[in-house]
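So the chains spell out like this:
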Amino acid sequence: YYLRGRNQLHRFRQTMMKDDFSAATEMFENALQCDPNFALAHSGIGLCYVEYVLKGIGGSLYFERAAERFKQALSLDDTLVEPQ
């Protein structure tokens, strides 16, 4: 699920389609259902939220959501580079 989420995130970066954003976050959520402590999946969701704002689709609420996910990811694995 994590790798599928990364693929969908990549597609979203190219297409800016909300369906790709939704698919990416759904895949990362599926990964977290398998392992709630999978730090990279939390970080992946954070990246989705950041991209959503950078593409001009979402507002500042998504930055707050991203920060929460990055904080969760770092609490699980403080060696990750993505959320820093």
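You'll find the structure just up there.
Attention in this report is confined to the structure presented alongside it. (Residues numbered from 1 in each chain as written. Predicted model: local features only at pLDDT ≥ 70, side-chain atom pairs only at ≥ 80, totals over all residues. Heavy atoms only, no water.)

Focus: the overall build of the chain
Check the secondary structure of the chain and you find 4 helices and 0 strands. In terms of overall size, the chain behaves like a compact globule, its C-alpha atoms giving a radius of gyration of 12 Å where 84 residues would be expected to give roughly 12 Å. Dimensions along the principal axes, computed over C-alpha positions, put the chain at roughly 30 × 25 × 20 Å. Relative to its 84 residues, the chain shows a buried fraction of 43%. A sequence separation of at least 24 residues applies to 53% of the contacts in the chain between residues at least 6 apart. Roughly 5,000 Å² of accessible area belongs to the chain as shown, and the carbon and sulfur atoms make up 50% of that amount. (Helix = DSSP H or I, 4+ residues; strand = E, 2+ residues; numbered from the N terminus. Rg over C-alpha atoms; globule rule 2.2 N^0.38 Å. Buried < 20%, exposed > 50% of the residue type's maximum accessible area, 1.4 Å probe, protein only. Contact = heavy atoms within 4.5 Å. Areas by Shrake-Rupley, 256 points an atom, 1.4 Å probe, with all protein chains shown as cover.)

With respect to the side chain of D20
One can find D20 in helix α2 (residues 18–34). With a relative accessible area of 7%, D20 lands in the buried category. Residues contacting D20, with those up to four places away along its chain left out, are Q8, R11, F12 and T15.

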